[in-house]
Structure formats: C-alpha cells, structure tokens
Protein chains: 2
Amino acid sequence: MVTIADVARAAGVSPSTVSYVLSGKRSISEATRRRVHHSIRALGYRPNAGARALASNRTNVLALVVPLRADLNVPVMMQFVTATVTEARSYDHDVLLLTADEGAEGLHRVVASSLADAIIVMDVEAAEPRVPVLRELGRPAVLIGVPDDPQGLTCVDLDFTAAGSECVTHLADLGHRDVALIGPSPAVYERGTSYAGRFLRGFTKTAADRGVTAVTLPCVPTYDGLRACLDDLLALERAVTGLVVHNEAILGPLLSELDRRGRRVPDDISVLAVCPPDLAEAQSVPLTSVDIPAVELGALAVELAMRLLDGLGEPEVRLLPPRLTVRAGTGPVVA
Amino acid sequence: MVTIADVARAAGVSPSTVSYVLSGKRSISEATRRRVHHSIRALGYRPNAGARALASNRTNVLALVVPLRADLNVPVMMQFVTATVTEARSYDHDVLLLTADEGAEGLHRVVASSLADAIIVMDVEAAEPRVPVLRELGRPAVLIGVPDDPQGLTCVDLDFTAAGSECVTHLADLGHRDVALIGPSPAVYERGTSYAGRFLRGFTKTAADRGVTAVTLPCVPTYDGLRACLDDLLALERAVTGLVVHNEAILGPLLSELDRRGRRVPDDISVLAVCPPDLAEAQSVPLTSVDIPAVELGALAVELAMRLLDGLGEPEVRLLPPRLTVRAGTGPVVA
DNA sequence: TTGAAAGCGATACCAT
DNA sequence: ATGGTATCGCTTTCAA
C-alpha cells in the first residue's frame, strides 16, 4: 500500500506538505505542488479513507435511506438514488445505502460510528417518526418529502400541492367541469405519506375554486383494484371527462381498461398523469403529464447536504415547481 | 464521543479487553464480559468505523455497483439492491453504492482507498470490460451475471439457459408446435448482456430438440416498438400459439395490443413471461411465469462475498434453477 | 513556505 | 484471563 509518507519521501517533502497539497488548506509553492502531484501519480497514491476519517472527523460519505416498500414508484426511486450517487461523486463523496427498516436505530448507528457525515432520507411520511431523531443527531439531514413539522430540518420535494392544482387548472381551462383523481393505493394515504395528501389538497382546492366537480378514488395497484376503481368511476351520476392519475403502476392497465370499455382517450375522456415523461410518452396514447423530477431532487438533496456540511445555509423547505407537458391524451370537452 | 477507553475505564478493564469482548477473538471470563457489556450499553458506545478500519484492515463495507441504464428491469434491480443491503446488515456489514459509470476506475478507487472489503457488480456483460480489473484487484468480487470468461471470479445468476429451455418445454408439453420469443431490446443483445443470449440459446436449442418452430423477436420497449413487433409476429406464415416474453416493460402493453387485435389469451395464444411473480399476477390475465429470483440472488451474492472474505470457498459460478409457476395465461393448443 | 510531531480510536502483539 | 502499548495512515497544531 502506498502511504502519504511514501509520496512525501518520493517528492522530497514532509507528509504534512503532501496533505496540504491535497487539501489546499494552506498555500504551497508551485514547484512543490508539482513535485508532489507528480509523485502521487507516479506511485498511484490514494488516501486511506479510514485514516482520513479518523484524523479529520470527516468520512466524505453520505448516508442515503431508501424505503423497502413495494407500493412505491420504483423507477422514480431508482432515478433518485442514482442521481444522488452521481451528484455525491461530483463533490468527492460516496453514498452508503441504508434501508428504512433499520429505522431510527440505523440513523443512530451510522452517526455514532462515524460512517457518514450527513443523511438523506427518502419516503418521508407526514407524521414521520424519524424526524425527532434526525433533529437530535447533530448531523446535517435532508428529507425527500415534507413532514408535518419540518422545523429545523432541510426538506426537498416536488410542490405536489401546486402539481395537483395545475392539473385541475389545465383541465378546467379546457372546459372540463367534472374531473376525478385516481390516487395511489389507500395504504399510501393511510400511512400519511406526505406527497399524496398534498397533491390531493391542491387538486381539491383548485377544483372548488374553479367550480369543478371533483371526486377522488384511491386505487390499489392491481388489475382487480383498477377494475373496481373504474366501476366506481363510470357509475358516477355526472360523467367525468377529465382524469388525473397519480399512480404510475396502473397507468397502462387503466388505458387498456378504458379502451376495453369503449371510452376513447382523449375524445371521451382526457387523461393526465403524474409520472416521469418517458412513462407518459410510452402509453398507447401519449399522456399529458406532470413530471416527478427525481434527478433534480436527488442532485438538490446532495447540494443542500453539502452546504450544511460546509456550515453554510440554514434548514429550509425547498419545493420544486411542477412542470406540465401537454401531450395527445388531453383534449377539450366535446359537448 | 464515547471511546473504547471510556468503556474500559467504566468497566475497570483495559481497552484491549473491551476490544476482545467485542470481537470474541480471545476468551473472556463471564464476569468481565458482563461488566464490559454493561458499560457499553450504559455509555451507548459504538466503535468508530474509521479507527476500526485503520487498525484492522477491514471496513465491514461491501461495495455494490449498480447499472445506470434505463432499458433494464428496474423493479428487479431495486429488489436486488435492497436484498443485498439487508443481507449485508445481517453480517454486520454496510453497503457502499457505486454507479457503473465510474467504470474500472471506480473499482480501483474503492479498493485503493480502503472504502470496501469486497465488491459486488450487477449487470455483467458477456465481454465484461471490468473483469480483468476485478481479477487484479486483490479483493473478493461477486458478479451478478456470467461473463464469457469467469475464470477466478465468483458469479451468481439465474440459470437463464435452463429458463429458456423450461419455457419451451412447458409449451411443447401442452402441444404447442409454433412458439415465439419476444426478447429484450435489440440494444441489450447488441451490448452482449449475458443473460439475454443465454436465455435465447436455451429457448432455441430446446425448440429444436422438441421439433418446435421457434422465432425470435427483440422488442424495443416502447409502444411503437411493440406494435412493430406484433405486426411481425402476426404476419408469420405459421400462426404462433405460444409466446414467451422476456421483456417486463412491454408485458402489459403486449396484452392490451393482443386484446385490441382480437387475440384471446390463452384461447388463441398462450403467454408466458420471465418476470417477478407479482408482475405476472397483476396482468389482465395472470401469466405463467419464470421468476427472476432477485432477492435470493442478492442474498447469495452477499453470502459468497462473506465466504471469500473469510478465506473460505473458491471462486465459483452459481446458477439458480428456474422456477416456473403456472397461471391462467397458458393453455393447451386448441385445434 | 515548510517540517516535526501529537493526536484521532481502534486492534493485536507481546507480556504476565 | 487480562494488561500495556506499538501501530494503522492521515490531519493539523505548533514552530521555524
């Protein structure tokens, strides 16, 4: 193994000089810097992470806590994870992966044993049980999602309230007077996942503001769940002409079932989805969609974590504005 | 911060004794052990990971390299990742997440800076460029997938050859004489992803052995790709009565399109899929499927990595036998 | 602008 | 069965 001492010897300087060349924490003459860098490359030196962490109290590692649930939007999750890793690398950091089933204990463990400098937590619930722990951990934390009381914590998320609102606005502007929201699984609402409730509120409020009739149908993400959901939908007294789907898993099946039941999109019914653009585009009829900006959110989470680690920046809640892309699946109401 | 010295003092023993109590590397009297454990709990002591790594040359961390591609089966990937983390924790290890875009350099980095003790690599190609590097790294490595030359490396995967074979066998036993394989995107074949070719070979060979006519159609995972693929399929001279789908992304759309084109499953055509059971079950018609045992593979990969770290066990290729579950989507040929 | 050396918190060897 | 302590590789203070 090549150590800092080997490099120092080869470059004819002291180990501390090599360290300072690497960290940039004090000025070094150009000549020395070059000799040191040359020796580093020549010997293929890489600082030992453990030694560095021990001496500096910095691991250059971010802990990322991912959910283990099956009822989540997995592709979006994975996008988020890879974006986090990629962004972390751009700050010369690595990512340690934790699963949510370790709970608060996992957070304690990682911090107390100095495995990571900061923590990023995905899939935050409204009454998030890990929030008090995160506050007391004494390490920067960034949540994806906004708990009821984000006091003292940094949170990032899509502005789901605005997203729900924008979907209704778009439909109302096209003349739709009767809309429905096909939401996530009831389980998602029941455990109070923060984004589901926020989207619903934006949806409902704007519908009221615009004088649009709005119904909400949570949907279990199975074929049977979908069928039941559509049965309910089509049995409504006033025919719904605009459908907002906040449940990626059933998007394809939903369109099939509508087709099977003789409802044409968008002629009979407009469909608008909350999902990644490629999913919206890959449907039998490309759907107007509000993007879930997983990649931006991942990068932003890392960026905010870095700021906190540098002692800059205060805890804050950062909501990204929704972006709605119009595609063939949305049309005006045909009288 | 609570150190091992604090614990030692509180328990009235030396630091080395505390260390030995924790590691179990020498015998300790029951009384001492109890006092030490009591102090550990009382003080909330957790060993410092960096210090431990520095002194012991063991990080208790596994590096996991995940692909960044979009054309992969993301839910299966995520299952694999979480299974890996969960299993690693059961060995008191953590998982450091790397993305494949760091390439061989990333592997060097992680090893040279002592960030991880072993490496698990997903999405291995037939002519995997990282293979030579992994061999020279001097650290245990486990590949998910089997490269052309697995010499000296440990590999785990589903036995895709047997899986392809079993699908044909099942259809042939039901009397099907004309079958087709709807495979992954052409891009997957082109870059020589190892599992795609192996499945194809098992499929083709068994078809020949059984005197069954077999055609293969790679399918770009978009709606247009699917339509083109089905056009080709239905234009064949001899009508295909059995369809094997090795491409999860288009499973739902495929069934919709078949329905739209008036082909009933399984009355007109039997459909058999290679995918997780829940996906097969969630279709409009539940499909017979060969499971991709992501969870077992993840756990197995970790287990083999642990063995290698303990100096037990040689490099080996471990293929899990396919398991076919019969569901409503497969039926006999109706003359 | 640079060097010497004291830690950081464990492990494991050498003693007893 | 237990203790003392050198050691791991790096950072950072203190000095020059």
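Residues numbered from 1 in each chain as written. Chains lettered and ligands numbered in written order. Predicted model: local features only at pLDDT ≥ 70, side-chain atom pairs only at ≥ 80, totals over all residues. Heavy atoms only, no water.

Peer 1: Before we go on, may I ask you to explain the UniProt feature "domain: HTH cro/C1-type" (unreviewed entry) in chain A in this structure?
Peer 2: Look at the UniProt record and you will see "domain: HTH cro/C1-type" (unreviewed entry) annotated at residues 3–32 of chain A. In this annotation, residues 3–32 of chain A is assigned 67% helix and 0% strand; the end-to-end C-alpha distance for the span is 18 Å. (UniProt positions renumbered as here; feature names shortened; annotations may be inferred. Helix = DSSP H or I, 4+ residues; strand = E, 2+ residues; numbered from the N terminus.)

Peer 1: What should I look at first to understand the side chain of Ser284(A) in this one?
Peer 2: Note on placement: Ser284(A) falls in the loop between helix 13 (277–281) and strand 10 (288–290). Of the residues examined, Ser284(A) reaches a relative accessible area of 19% and is grouped as buried. Discounting chain neighbours no more than four positions away, the residues touching Ser284(A) are Leu255(A), Tyr223(B), Arg227(B) and Arg260(B). (Buried < 20%, exposed > 50% of the residue type's maximum accessible area, 1.4 Å probe, protein only. Contact = heavy atoms within 4.5 Å.)

Peer 1: Even after reading the chapter, I still don't get the protein's contact with DNA strand C, so can you show me in this structure?
Peer 2: Taken together, 30 residues lie near DNA strand C, and Thr17(A), Ser27(A), Thr32(A), Ile4(B) and Ser19(B) sit nearest. The sugar-phosphate portion of DNA strand C accounts for 56% of its atoms within 4 Å of the protein, the bases making up the rest. In this structure, a sugar or linking oxygen belonging to DNA strand C sits 2.9 Å away from a side-chain N or O atom of Tyr45(B). Of all the secondary-structure elements, those providing two or more residues to the surface near DNA strand C are helix 2 (15–23) and helix 4 (49–56) of chain A together with helix 2 (15–23) and helix 4 (49–56) of chain B. With five residues, the single largest contributor to the surface near DNA strand C is helix 4 of chain B. Here the surface near DNA strand C is composed, by residue class, of 13 nonpolar, twelve polar and five charged. (Near = heavy atom within 4 Å. Polar contact = N/O pair within 3.5 Å; in protein donor to acceptor, adjacent residues only side chain to side chain. Nonpolar A, V, L, I, M, F, W, Y, C, P; charged D, E, K, R; others polar.)

Peer 1: Looking at this model, I keep getting lost on the protein's contact with DNA strand D. Mind explaining?
Peer 2: Lining the immediate surroundings of DNA strand D are 29 residues, of which Ile4(A), Tyr20(A), Thr17(B), Ser27(B) and Thr32(B) lie closest. At a separation of 3.1 Å, a phosphate oxygen of DNA strand D approaches a polar side-chain atom of Lys25(A). Between Arg26(B) and DNA strand D, the recorded distance is 2.7 Å, taken from a side-chain N or O atom to a base oxygen. The set of elements that each furnish at least two residues to the surface near DNA strand D consists of helix 2 and helix 4 of chain A together with helix 2 and helix 4 of chain B. Ranked by the residues each element gives to the surface near DNA strand D, the list is headed by helix 4 of chain A, at five residues. Here the residues of the surface near DNA strand D sort into twelve nonpolar, twelve polar and five charged.

Peer 1: Explain the domain arrangement of chain A here, please?
Peer 2: How big an interface is tends to be expressed through the accessible area that disappears when the partners come together. Segmenting chain A into domains produces domain 1 (4–56), domain 2 (61–158 + 294–320) and domain 3 (160–291). One C-alpha centre belongs to domain 1 of chain A, the other to domain 2 of chain A; they are set 32 Å apart. (Domains from an automatic or database assignment.)

Peer 1: Even after reading the chapter, I still don't get the interface of chain A and chain B, so can you show me in this structure?
Peer 2: On the side of chain B, 42 residues touch chain A, which itself brings 41 residues to the contact. By the criterion of area lost to chain B, the three top residues of chain A are Arg46(A), Met78(A) and Leu97(A), representing 17% of everything that side buries. Between Arg260(A) and Asp259(B) there is a salt bridge whose closest N-O contact spans 3.1 Å. Taken together, the links from chain A to chain B amount to 15 residue pairs in polar contact (both at pLDDT 80 or more). By residue number, the principal contributor to the side of chain A that touches chain B is helix 5 (residues 74–90) of chain A, which donates nine residues. Its residues assigned to classes, the side of chain A that touches chain B comprises 21 nonpolar, eleven polar and nine charged. One ladder, built from three bridges, connects strand 2 (residues 94–99) of chain A with strand 2 (residues 94–99) of chain B; its direction is antiparallel. Within strand 2 of chain B, the position partnered with Leu96(A) by the bridge is Leu96(B). (Buried area = accessible area lost by both parts, 1.4 Å probe. Salt bridge = Lys/Arg side-chain N within 4 Å of Asp/Glu carboxyl O. Pairing = 2+ DSSP bridges.)

Peer 1: Just checking my understanding: could you explain the nonpolar core for this structure?
Peer 2: In summary, soluble globular proteins display a tendency toward joint burial of nonpolar side chains. Formed by 98 residues in total, the largest nonpolar core has its most connected members in Leu64(A), Phe80(A), Ile120(A), Leu64(B), Phe80(B) and Ile120(B). Discounting residues that sit within four places of it in the chain, Phe80(B) has contacts with Leu64(B), Ile120(B), Met122(B), Ile144(B), Ala294(B), Leu297(B), Gly298(B) and Ala301(B). By size, the runner-up hydrophobic cluster in this structure holds 46 residues, among which are Leu115(A), Val124(A), Leu134(B) and Leu143(B). (Core = buried A, V, L, I, M, F, W, Y, C linked by side-chain atoms within 4.5 Å.)

Peer 1: Help me out: how do you make sense of the packing of helix 2 of chain B against helix 3 (residues 30–43) of chain B in this one?
Peer 2: Packed helices, taken two at a time, are described by their axes: the angle between them and the distance between them. Residue and element names in this part refer to chain B. Look at helix 2 against helix 3: their axes get within 10 Å of each other, and the N-to-C directions meet at 95°. With respect to their mutual orientation, helix 2 and helix 3 come out roughly perpendicular. Contacts between helix 2 and helix 3 involve Thr17, Val18, Val21 and Leu22 from the first element and Thr32, Arg33, Val36, His37 and Ile40 from the second. For the contact of helix 2 with helix 3, the class distribution of residues is five nonpolar, three polar and one charged. (Axes fitted to C-alpha atoms, helices over the stretch in contact; angles between N-to-C directions. Parallel < 35°, antiparallel > 145°, perpendicular 65-115°, else oblique.)

Peer 1: Any chance you could explain the pattern of salt bridges here in plain terms?
Peer 2: It is possible for side chains bearing opposite charge to pair when their charged atoms get close. Counted under the stated rule, the structure contains 56 salt bridges over all chains. Here Glu30(A) and Arg33(A) are joined by a salt bridge, their closest N and O atoms 3.3 Å apart. One end of the pair, Glu30(A), and the other, Arg33(A), are both in helix 3 (residues 30–43), three residues apart, so they sit about a helical turn from each other. Owing to a relative accessible area of 44%, Glu30(A) belongs among the partly exposed residues under this scheme. By relative accessible area, Arg33(A) is classed as partly exposed at 28%. Taking the shortest distance from any N to any O, the salt bridge between Asp178(A) and Arg238(A) comes out at 2.9 Å. Linking Asp178(A) in strand 6 (residues 178–183) with Arg238(A) in the loop between helix 11 (223–234) and strand 8 (242–245), this pair joins segments that are 60 residues apart in sequence. On the basis of relative accessibility, which here comes to 10%, the residue Asp178(A) falls in the buried class. You can call Arg238(A) exposed: its relative accessible area is 51%. Several salt bridges share partner residues, and in doing so they unite Asp231(A), Glu257(A), Arg260(A), Arg261(A), Asp259(B) and Arg264(B) into one network.

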